[in-house]
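Observations on chain architecture
Read off the chains here:
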Amino acid sequence: MDIKLIFEDLKKDLQSINERANERLLKEEQVRSSIYCSLKNQGYIVAAERNFEKNSEIECDLVFWKNSGPESWMEIKTARYSNLKRDIRRLDKNGKDSWNNNPRGQAQSWKKDIEKLKKIKNKELPKYFILVEQCHAESIFEILMKDKKSEIKDYFEGMNHEKIMFELKWNKAPVDKCIVRIFDLKKLQLKRTELKNKSF
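These lines cover the structure that appears in this document, whether it is placed above or below. (Residues numbered from 1 in each chain as written. Predicted model: local features only at pLDDT ≥ 70, side-chain atom pairs only at ≥ 80, totals over all residues. Heavy atoms only, no water.)

Focus on the pattern of salt bridges
Counted only if it meets this: Between Lys or Arg on one side and Asp or Glu on the other, a salt bridge is scored when a side-chain nitrogen of the former is within 4 Å of a carboxyl oxygen of the latter. Counting from the N terminus, the helices are the DSSP runs of H or I reaching at least four residues and the strands are the DSSP runs of E reaching at least two. With a 1.4 Å probe rolled over the protein chains alone, any residue whose accessible area is under 20% of its type maximum counts as buried; one over 50% counts as exposed, and the rest are partly exposed.
Counted by the stated rule, this structure contains 14 salt bridges. Asp176 is the salt-bridge partner of Arg89, the closest N and O atoms lying 3.0 Å from each other. With Arg89 in the loop between β3 (72–81) and α3 (103–118) and Asp176 in the loop between β5 (161–167) and β6 (177–184), this residue pair connects regions lying 87 residues apart in the sequence. Both residues of the pair, Arg89 and Asp176, belong to the buried class. Two residues, Lys146 and Glu138, come together in a salt bridge whose shortest N-O distance is 2.7 Å. Judged by its relative accessible area of 62%, Lys146 falls in the exposed class.

Spelled out as structure tokens, the structure:
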């Protein structure tokens, strides 16, 4: 998977969303559709919302492979955070400030996706978690990683990831930029296994 192409295509697609679309926040479906097309253009066969197991109703956002090559599994989440208190974009259609950062709730949804990927029986398969954040200044991921009480550190600390940041202004949300992070769970698992073996 060419991560640079994923970043380029995602940035182009998200920035091209017209104001007349009347969107308040990004939807996971928008991100998934962009990545789906990017992977197809890279020559992958892509399946969306595929079951993790034959008899399971739990689905994975994207699974992709080339010919007889190994399958790669990918989960996608969007997130938002803004500390702009008096921004008119915090108001909903009824004129009420309904903006809610809800960091704990958002973090729980990330953990659920990562746990799903960890349960894949074949540990050699590539697994990715993609987090697409909309924020004003500091992102919710950065805030949670600094919080000593947050459980997120247990999931993401030591996990290598690549990211891109670009402007993404929305007329209905107090967020002005977008940060895309791609986490490689397979590399983290191998790293932790090596450390565990060294400790014996």
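Quick look at the packing of helix α1 (residues 3–15) against helix α2 (residues 28–41)
Under the convention used in this document: All axes here are fitted lines through C-alpha atoms, helices being fitted over the stretch that makes contact, and every angle between N-to-C directions spans 0 to 180 degrees. Should an angle fall under 35 degrees it is taken as roughly parallel, and over 145 as roughly antiparallel, whereas 65 to 115 is taken as roughly perpendicular and any remaining angle as oblique. Should the near helix be turned counterclockwise from the far one by less than a right angle, the crossing is left-handed, whereas a clockwise turn marks it as right-handed. Here, residues are in contact when the closest pair of their heavy atoms is within 4.5 Å. Gly counts as polar in this scheme, as do all residues outside two lists: the nonpolar Ala, Val, Leu, Ile, Met, Phe, Trp, Tyr, Cys and Pro, and the charged Asp, Glu, Lys and Arg.
Packing of α1 against α2 brings their axes to within 9 Å, and their N-to-C directions diverge by 135 degrees. By the criterion of interaxial angle, the relationship of α1 to α2 is oblique. You can see that α1 and α2 cross each other, and the crossing is right-handed. Facing Leu5, Ile6, Asp9, Leu10 and Asp13 of α1, the residues of α2 in contact are Val31, Ser34, Ile35, Ser38 and Leu39. Of the residues assigned to the contact of α1 with α2, the class counts are six nonpolar, two polar and two charged.

Points about the packing of aromatic side chains
For clarity, the threshold we go by: Pairing of aromatic rings covers Phe, Tyr and Trp, the last through its six-membered ring, and needs centres within 6.5 Å; plane angles under 30 degrees mean stacked, over 60 mean edge-to-face, and all others mean tilted. A positively charged side chain is recorded as over a ring if its NZ (Lys) or CZ (Arg) lies within 6 Å of the ring centre. The angle to the ring normal must also be within 35 degrees.
Within the structure shown, the criterion is met by ten aromatic pairs. With a centroid separation of 5.3 Å and an interplanar angle of 20 degrees, the aromatic rings of Phe52 and Trp73 are classed as stacked. In this pair, Phe52 sits in the loop between β1 (45–51) and β2 (59–65) while Trp73 sits in strand β3, placing the two residues 21 residues apart along the sequence. Like Phe52, the residue Trp73 is buried in the burial classification. Aromatic side chains Phe141 and Phe156 sit 5.3 Å apart centroid to centroid with 90 degrees between the ring planes, which places their arrangement in the edge-to-face category. Taken as a pair, Phe141 in helix α4 (residues 140–146) and Phe156 in helix α5 (residues 152–156) lie far apart in primary sequence, 15 residues in all. Residue classification places Phe156 among the buried residues on the basis of a relative accessible area of 2%. Ring-pair connections join several aromatic residues into one group, and the members of that group are Trp110, Phe129, Phe141, Phe156 and Phe183. For the cation-ring pair, Lys66 lies above Tyr44, with the distance from its terminal atom to the ring centre recorded as 4.7 Å.

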